[in-house]
Amino acid sequence: EAEVAQSPRYKITEKSQAVAFWCDPISGHATLYWYRQILGQGPELLVQFQDESVVDDSQLPKDRFSAERLKGVDSTLKIQPAELGDSAMYLCASSIQRGKGSTDTQYFGPGTRLTVL
Amino acid sequence: RKEVEQDPGPFNVPEGATVAFNCTYSNSASQSFFWYRQDCRKEPKLLMSVYSSGNEDGRFTAQLNRASQYISLLIRDSKLSDSATYLCVVNTNAGKSTFGDGTTLTVKP
């Protein structure tokens, strides 16, 4: 069964350092999502890509976070500089959907657990 | 007020019990609805979609009430393996997904 791949699985960094997370969606999935999940809360959408284009980054803290999906396949999420409050699970998901109103399932990767010291 | 709200629980029930979770949403333009299951320190996985007519998958039944803007999940004959957090997900017709904070279920022997 095809899966969403993420790396690293765990990352410990000091505040003010830069961190980067990588995601490889299921082959053929046009839509890619990055979520942040704080313990005890549901995933919060940071950015959504349709192929290589950003369709929603309204919740992305753009002063320190950036995301790209240059060839419309894999994606990188970067934080620079990291802050203590960034400690969370960062989840990547993908879905087939190509149009609005789709009911396609989102498939999640195992996540990257970030700890900022 | 959050766009999607769930009772956080925890719900502690004995094996064999029936338990129900509700989820309310505020955006009347919401188009599609899902229940995801998330085990501790794991990624969310789709449990079931929620259709307007309601749908059932084994011991699990999902219902949608558009007029009152809520969805529900009923689990019958609870198993120990049902212990998890259940996340309600609501999609708008623009393709935006909003997750609830989840309801935690613990099934005890």
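Residues numbered from 1 in each chain as written. Chains lettered and ligands numbered in written order. Predicted model: local features only at pLDDT ≥ 70, side-chain atom pairs only at ≥ 80, totals over all residues. Heavy atoms only, no water.

Undergrad: Is there a simple way to explain the sheet that holds strand β1 (residues 4-6) of chain B in this structure?
TA: Residues and elements named next belong to chain B. The five strands lie next to each other as β1-β3-β8-β7-β6, forming an open sheet whose pairing is antiparallel. Each edge of the sheet is formed by a strand with only one pairing partner; in this case those strands are β1 and β6 (55-57). Strand-to-strand twist of the sheet, defined as the mean angle between neighbouring strand axes without regard to direction, takes the value 15°. As judged from the six bridges shared by strand β7 (residues 60-65) and strand β8 (residues 70-75), these two strands associate in the antiparallel manner. Bridge pairing links Ala62 to Leu73 in β8. (Pairing = 2+ DSSP bridges. Helix = DSSP H or I, 4+ residues; strand = E, 2+ residues; numbered from the N terminus. Axes fitted to C-alpha atoms, helices over the stretch in contact; angles between N-to-C directions.)

Undergrad: What am I meant to see in the interface of chain B and chain A here?
TA: How big an interface is tends to be stated in terms of the accessible area lost upon association of its parts. Across the contact, 19 residues belong to chain B and 22 residues belong to chain A. Of the roughly 1600 Å² buried between chain B and chain A on both sides combined, carbon and sulfur atoms contribute 50%. Broken down residue by residue, the surface that chain B buries against chain A is led by Arg41, Glu43 and Phe99 of chain B, which jointly contribute 27%. At the boundary of chain B with chain A, the tally comes to zero salt bridges. Looking at the side of chain B that touches chain A, the elements that each hand over two or more residues are β4 (30-38), β9 (84-92) and β10 (97-99) of chain B. Its residues placed into classes, the side of chain B that touches chain A shows seven nonpolar, eight polar and four charged. (Contact = heavy atoms within 4.5 Å. Buried area = accessible area lost by both parts, 1.4 Å probe. Salt bridge = Lys/Arg side-chain N within 4 Å of Asp/Glu carboxyl O. Nonpolar A, V, L, I, M, F, W, Y, C, P; charged D, E, K, R; others polar.)

Undergrad: How should I be thinking about the side chain of Thr13 of chain A in this particular structure?
TA: Structurally, the position occupied by Thr13 of chain A is in strand β2 (residues 10-13). Among residues more than four places away in sequence, those in contact with Thr13 of chain A are Val19, Ala82, Leu114, Thr115, Val116 and Leu117 of chain A.

Undergrad: Even after reading the chapter, I still don't get the sheet that holds strand β7 (residues 65-68) of chain A, so can you show me in this structure?
TA: Pairing between the strands of a sheet comes from backbone hydrogen bonds, and it takes one of two forms, parallel or antiparallel. All names here are of chain A. Taken together, four strands build an open sheet; the order of strands is β1-β3-β8-β7 and the sheet is antiparallel. Each end of this open sheet is capped by a strand with a single partner; those strands are β1 (5-7) and β7. In this sheet, neighbouring strand axes are inclined to one another by 15° on average, regardless of whether the strands run parallel or antiparallel. As defined by bridge partners, strand β3 (residues 19-24) adjoins strand β8 (residues 75-79) across five bridges and the pair is classed as antiparallel. Bridge pairing links Ala20 to Lys78 in β8.

Undergrad: Would you explain the environment of Trp34 of chain A in this entry?
TA: Residue and element names in this part refer to chain A. Structurally, Trp34 can be placed in strand β4 (residues 31-37). By relative accessible area, which is 0% here, Trp34 ends up buried. Through-space distance from the C-alpha of Trp34 to that of Leu77 is 7.8 Å; in sequence the pair is 43 residues apart. (Buried < 20%, exposed > 50% of the residue type's maximum accessible area, 1.4 Å probe, protein only.)

Undergrad: Looking at this structure, I do not really get the nonpolar core. What am I missing?
TA: A general tendency of soluble globular proteins is for nonpolar side chains to be buried together. Of all hydrophobic cores here, the largest spans 23 residues; its most connected members are Phe21, Trp35, Ile71, Leu73, Ile75, Tyr86 and Leu105 of chain B. The set of elements that each furnish at least two residues to this core consists of β3 (19-25), β4, β5 (45-50), β7, β8, β9 and β11 (103-108) of chain B. Every residue in contact with Ile71 of chain B, bar those within four places of it in the chain, is listed here: Phe21, Asn22, Cys23, Phe33, Phe34, Trp35, Val50, Gln63, Leu64 and Cys88 of chain B. If you look at the next biggest cluster of nonpolar residues, it comprises 20 residues, including Val4, Ile26, Ala82 and Ala88 of chain A. (Core = buried A, V, L, I, M, F, W, Y, C linked by side-chain atoms within 4.5 Å.)

Undergrad: Would you mind showing me how to read the pairing of β9 of chain B here?
TA: Within a regular strand, the side chains alternate between the two sheet faces. All names here are of chain B. Among the nine residues of β9, nine are classified as buried, and the element is accordingly described as predominantly covered. Burial along β9 is two-sided: the face carrying Ala84, Tyr86, Cys88, Val90 and Thr92 and the face carrying Thr85, Leu87, Val89 and Asn91 are both buried. Inspection of the sheet shows β9 paired to β11 by three bridges, in the antiparallel sense. In the sheet register, Thr85 faces β11, and the bridge partner there is Thr104. Examined bridge by bridge, β9 and β10 share three bridges and lie antiparallel to one another. Among the inter-strand pairings, Val90 is bridged to a residue of β10, identified as Thr98.

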